[in-house]
Amino acid sequence: MPNHHVSVVMLAYGAEEYLGDAVAAVLSSVGVEVDLVVVDNGAAPEAMASVPEDPRVTVLTPGKNLGFTGGVNLGAASIRSGVLALVNSDAVVEPQALSLLAERLDLPGTGIVGATILLADSPELVNSAGNPLHVLGLSWAGAMGQPAASITDVREVASASGACRALRRDLWEDLGGFPEEYFAYVEDMELSWRCWQRGLRVEVLPQARALHHYEFSRSPLKMYLVERNRLLLLLTAHERRTLAALALPLLGFEA
């Protein structure tokens, strides 16, 4: 019998050409009991038709686009298992990925664990092996383009990629989930930052992997939301004296 039960939340919006593959990969996970909540944030009917009728799958339809943050919060509120995993609708997890993430969460002091994310079109290359955080709030896909074979050790990172990550349900509830005002982007960094503030590690595992159909700009609003949310992160994550020390560099960067 599997040692862990993992509930996966996955959002669907728009065309979602890889949704069926992403769902099938989650349901084919080995070494772990899984169930899946798909939140239909306004996905094309043909995309939702790729979601199988399976007793392990629940589809939630809020009737409007709640954004990534609101959609995940809605889906996570419905789970009852001990582990919550977030998997993007364009990410295909390898069979053992969710089991490895869940096992790692048993270690004391572990907050969030993420998969090593590989480029689906070039699986020998890394999409993200954990995302760094600059003092001015900038973040990027860590180890992007590096050989996948070079990622051999567990890495402590500022943030695990939102494409595939897991944490305990009680920690998610204690943190209050994602801040819904973010709507989309940077919310994975914000949650990871709050884990570190509580003394909990954020890690990326080398053997837990997911193939990501990475597209830098899926939304015309992306750059606006990234910049706005970067500033929200800085304003809410730092004390006033830290913000005062960063004021001149921030003003110079914005200029």
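Everything below is about the structure printed above this text.
Quick caveat, the model's predicted, so the values are computed rather than measured. Sequence positions are assigned chain by chain, starting from 1 and proceeding in written order. Local features are withheld for residues below a pLDDT of 70 in this predicted model, meaning they are given only at 70 or higher, and side-chain atom pairs are given and counted only at 80 or more; totals for whole chains, interfaces and linings count all residues. To obtain the side-chain values, all non-hydrogen atoms of the structure were used and water was disregarded.

1. Examining the overall build of the chain
A tally of helices and strands in the chain yields eight helices and 10 strands. Each radius of gyration reported is based on C-alpha atoms, and the globular scaling rule is 2.2 Å times the count of residues to the power 0.38. For a compact globule of 255 residues, the expected C-alpha radius of gyration is about 18 Å, and the chain comes in at 18 Å, within 12% of that figure. Principal-axis analysis of the C-alpha atoms places the extent of the chain at approximately 55 × 40 × 35 Å. Classification of the 255 residues of the chain by burial places 51% in the buried group. Here, residues are in contact when the closest pair of their heavy atoms is within 4.5 Å. Look at the contacts in the chain between residues 6 or more apart in sequence, and 75% of them connect residues 24 or more apart. Accessible surface for the chain amounts to roughly 11,800 Å². Of this, 56% is attributable to carbon and sulfur atoms. Between the averaged position of the 18 positive side-chain charges in the chain and that of its 30 negative side-chain charges there is a distance of 8 Å. Segments assigned H or I by DSSP are reported as helices when at least four residues long, segments assigned E as strands when at least two residues long, and all are numbered from the N terminus. With a 1.4 Å probe rolled over the protein chains alone, any residue whose accessible area is under 20% of its type maximum counts as buried; one over 50% counts as exposed, and the rest are partly exposed. Under the convention used here, a 1.4 Å probe and the Shrake-Rupley method define accessible areas, while residue burial counts only the protein chains that appear. Charged residues are defined narrowly, with Lys and Arg counted positive, Asp and Glu counted negative, and His plus the chain ends left uncounted. For the purpose of locating charges, the reference atoms are NZ of Lys, CZ of Arg, CG of Asp and CD of Glu.

2. Focus on the environment of Ala-160
With respect to the secondary-structure elements, Ala-160 resides in the loop between strand E8 (155–156) and strand E9 (164–168). Owing to a relative accessible area of 0%, Ala-160 belongs among the buried residues under this scheme. Between the C-alpha atoms of Ala-160 and Gly-14, which are 146 residues apart in sequence, the distance is 25 Å. Not counting chain neighbours up to four residues away, the residues in contact with Ala-160 comprise Ile-112, Gly-114, Arg-165, Asp-188, Ser-192, Val-202, Glu-203 and Val-204.

3. Some details on the packing of helix H7 (residues 222–237) against helix H8 (residues 240–254)
Following both chains from N to C, one finds H7 and H8 inclined at 165°, their axes separated by 12 Å at the closest point. Of the possible angle classes, the one that applies to H7 and H8 is roughly antiparallel. Regarding H7 and H8, the two cross each other, and that crossing is left-handed. In this structure, H7 uses Glu-227, Arg-230, Leu-231, Leu-234 and Leu-235 to contact H8, whose residues at the interface are Leu-243, Leu-250, Phe-253 and Glu-254. When residues are sorted by character, Ala, Val, Leu, Ile, Met, Phe, Trp, Tyr, Cys and Pro go into the nonpolar class, Asp, Glu, Lys and Arg into the charged class, and all the rest, Gly among them, into the polar class. Its residues placed into classes, the contact of H7 with H8 shows six nonpolar, no polar and three charged. With axes taken as lines fitted to C-alpha atoms, and helix axes fitted only over the stretch in contact, angles between N-to-C directions fall between 0 and 180 degrees. The scheme is simple: roughly parallel for angles under 35 degrees, roughly antiparallel for over 145, roughly perpendicular for 65 to 115, oblique for anything else. Each crossing is labelled by how the near helix is turned from the far one, with a counterclockwise turn of less than a right angle marking it left-handed and a clockwise turn marking it right-handed.

4. Here's the deal with the packing of aromatic side chains
Each aromatic pair joins two rings of Phe, Tyr and Trp (for Trp, the six-membered one) with centres within 6.5 Å, and gets the label stacked for planes under 30 degrees apart, edge-to-face for over 60, and tilted for any other angle. One pass over the structure, following the stated rule, counts two aromatic pairs. Centre to centre, the rings of Phe-68 and Phe-178 are 6.0 Å apart; their planes meet at 40°, and the pair counts as tilted. Of the two residues, Phe-68 is situated in helix H3 (residues 67–76) and Phe-178 in the loop between helix H5 (169–175) and helix H6 (187–197); the sequence distance between them amounts to 110 residues. On the basis of relative accessible area, Phe-178 is assigned to the buried category, the value being 3%. With centroids separated by 5.1 Å and ring planes inclined at 85°, the aromatic side chains of Trp-172 and Phe-178 adopt a geometry described as edge-to-face. The same class applies to Trp-172 and to Phe-178, which are both buried.

5. Some thoughts on the environment of Val-87
Positionally, Val-87 belongs in strand E4 (residues 83–87). Filtering out sequence-adjacent residues up to four positions away, Val-87 remains in contact with Val-8, Val-9, Met-10, Val-26, Val-93, Leu-98, Ala-163 and Cys-164.

6. Focus: the pattern of salt bridges
Between side chains of opposite charge, a pair can form as their charged atoms come close. Put simply, a salt bridge is a Lys or Arg side-chain nitrogen that is within 4 Å of an Asp or Glu carboxyl oxygen. Tallying each qualifying case throughout the model produces nine salt bridges. Put simply, Arg-168 and Asp-170 hold a salt bridge, and the shortest N to O gap is 3.8 Å. Of the charged contacts, one joins Arg-169 and Glu-173 as a salt bridge, the two residues approaching to 3.2 Å between their closest N and O atoms. Within this pair, Arg-169 and its partner Glu-173 are both found in helix H5, separated by four residues, close to a single helical turn. Overall, Arg-169 belongs to the partly exposed group, its relative accessible area being 22%. Salt bridges sharing partners connect three or more residues here, namely Arg-104, Arg-201 and Glu-203.

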